[in-house]
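# Structural overview
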Amino acid sequence: MGLRLGERLETVRERLLRRPLAYTLDLVFPPACAVCGVATGGHRGLCPKCWSGVRIIERPYCEVLGVPFSHDLGSGILSAEAIANPPPFDRLRAVALHDEAVRMLVHGLKYRDRTDLAPMMARWMLRAGDGTVERCDAILPVPLHRSRIFSRGFNQSAELARHLAGLSGRPLLPATLMRIRRTRQQVGLGARAREDNVRGAFAVAAGREADVAGKRVVLVDDVYTTGATVAAATRALRKAGAADITVLTFAMALAETI
Ligand SMILES: [Zn+2]
């Protein structure tokens, strides 16, 4: 009743902006590469040039550490690293190696407020999870300390976990695992310093042990580097009785690609 066109458009725009961001982007912006922004003419996510820079991790890989092998040695093979230093979690799965386009996606989500990337990244993670997400009892993000959430505004791992829960229909437990101690950023620290930095940093919230006791859980993070953070988080989940722990990350930084 008497709304001028400009006001009506504004109302439609506001309504669109309240919808899930992926919808909104499809409707408002033409399809563009999620990394470089070039028009893609389709909804594949990345342009061919950026896509060619993505090294997707597929079998053959170590069944425990998820590290790709250059040769297929048969099924169920473990890497020398997994045998020499078994991780506290049951298995690690990651979408792609942490280089080029993948690094841009991770940084976009983490530091440049590109929360619109999370649905696509979560879809790729669901596939990389190799059935573990669909079969799990609960999905938990690696938490940030509350002071860091305050300064950054959101937790990128929680964002990925939220979309994974939406895609798989499995329960999301965003408040079960807590970061009880503020830690330094892991970037720039060596492997041993990273372990020291996050030791004892995580705990299952008091009274929430039943959330994970005897359960198959998927622990979600954006990047796997030395594994110190997810190992510390895994120990807290084990202490509360978690039966089976899959670590699922978007990127895996191998030694030569860090
Ligand atoms: Zn591109």
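Here's what I pulled together on the structure shown here. (Residues numbered from 1 in each chain as written. Predicted model: local features only at pLDDT ≥ 70, side-chain atom pairs only at ≥ 80, totals over all residues. Heavy atoms only, no water.)

## Description of the coordination of the zinc ion
Of the protein atoms, only Cys33 (SG), Cys36 (SG), Cys47 (SG) and Cys50 (SG) coordinate the zinc ion, at distances of 2.3 to 2.4 Å. Binding-site remark: the zinc ion is held by donors from one chain whose sequence spacing is C-x2-C-x10-C-x2-C. Of this pair, Cys33 sits in the loop between helix 2 (21–28) and helix 3 (48–51) while Cys50 sits in helix 3, and the two are 17 residues apart along the sequence. The exposure class assigned to Cys50 is buried, which follows from its relative accessible area of 12%. (Donors = N, O, S within 2.8 Å, 3.2 Å for Na, K, Ca; no water. Helix = DSSP H or I, 4+ residues; strand = E, 2+ residues; numbered from the N terminus. Buried < 20%, exposed > 50% of the residue type's maximum accessible area, 1.4 Å probe, protein only.)

## Topic: the nonpolar core
One broad trend across soluble globular proteins is that nonpolar side chains are buried collectively. Grouped together as the largest cluster of nonpolar side chains are 37 residues, with contacts concentrated most on Leu46, Leu105, Leu164 and Phe250. When residues of this core are traced back to their parent elements, those giving at least two are strand 1 (91–97), helix 5 (100–111), helix 6 (118–128), helix 9 (156–168), strand 5 (216–224) and strand 6 (244–252). Here this core gets 8 residues from one element, more than from any other, and that element is helix 6. Non-local contacts of Leu164, meaning those with residues more than four positions away in its chain, are made with Ala122, Met125, Leu126, Val133, Ile139, Val220 and Leu248. Formed by 35 residues, the second largest nonpolar core is a distinct cluster that contains Leu65, Ala138, Val204 and Ala232. (Core = buried A, V, L, I, M, F, W, Y, C linked by side-chain atoms within 4.5 Å. Contact = heavy atoms within 4.5 Å.)

## Concerning the pairing of strand 5
Extensive coverage of strand 5 is indicated by the burial of 8 of its 9 residues. Two elements, strand 2 (residues 138–141) and strand 5, share 4 bridges in a ladder whose sense is parallel. Counterpart to Pro141 in the pairing with strand 5 is Val220. After leaving strand 5, the chain enters helix 11 (residues 228–239) and then returns to the sheet as strand 6, a path that is right-handed. (Pairing = 2+ DSSP bridges. Right-handed = clockwise from strand over helix to strand, strands pointing away.)

## Considerations on the pattern of salt bridges
Any two side chains of opposite charge can pair, so long as their charged atoms come close to each other. Summed over the entire model, instances satisfying the criterion amount to 12 salt bridges. Asp130 serves as the salt-bridge partner of Arg59, at 2.6 Å between the closest nitrogen and oxygen. Of the two residues, Arg59 sits in the loop between helix 3 and helix 4 (80–84) while Asp130 sits in the loop between helix 6 and helix 7 (132–135), which places them 71 residues apart along the sequence. A relative accessible area of 45% places Arg59 in the partly exposed class. Lys110 is the salt-bridge partner of Asp222, the closest N and O atoms lying 3.7 Å from each other. Here the residue Asp222 occupies a position in strand 5, and Lys110 occupies one in helix 5, the gap between them amounting to 112 residues. A residue is classified by how much of its surface remains accessible, and Asp222, at 4% relative accessible area, is buried. Here the salt bridges do not stand alone but share partners, grouping Arg59, Glu63, Arg93 and Asp130 into one network. (Salt bridge = Lys/Arg side-chain N within 4 Å of Asp/Glu carboxyl O.)

## With respect to the side chain of Thr132
Along the chain, Thr132 falls in helix 7. Residues contacting Thr132, with those up to four places away along its chain left out, are Arg91, Val218 and Thr246.

## Notes on the environment of Ala161
Its location among the elements puts Ala161 in helix 9. Separated by 87 residues in sequence, Ala161 and Leu248 have C-alpha atoms that sit 9.5 Å apart.

## Quick word on the packing of helix 5 against helix 6
Between two packed helices, what matters for the description is the angle formed by their axes and the separation of those axes. In contact at an axis separation of 11 Å, helix 5 and helix 6 are set at 130° when each is read in the N-to-C sense. In terms of their interaxial angle, helix 5 and helix 6 are classed as oblique. As for how helix 5 packs across helix 6, the hand of that crossing is left-handed. For the pair helix 5 and helix 6, the contacting residues are Leu105, Val106 and Leu109 in the first and Ala118, Met120, Met121 and Trp124 in the second. (Axes fitted to C-alpha atoms, helices over the stretch in contact; angles between N-to-C directions. Parallel < 35°, antiparallel > 145°, perpendicular 65-115°, else oblique. Left-handed = near helix turned anticlockwise from the far one by under 90°.)

None of this, on its own, says anything about what the molecule does.
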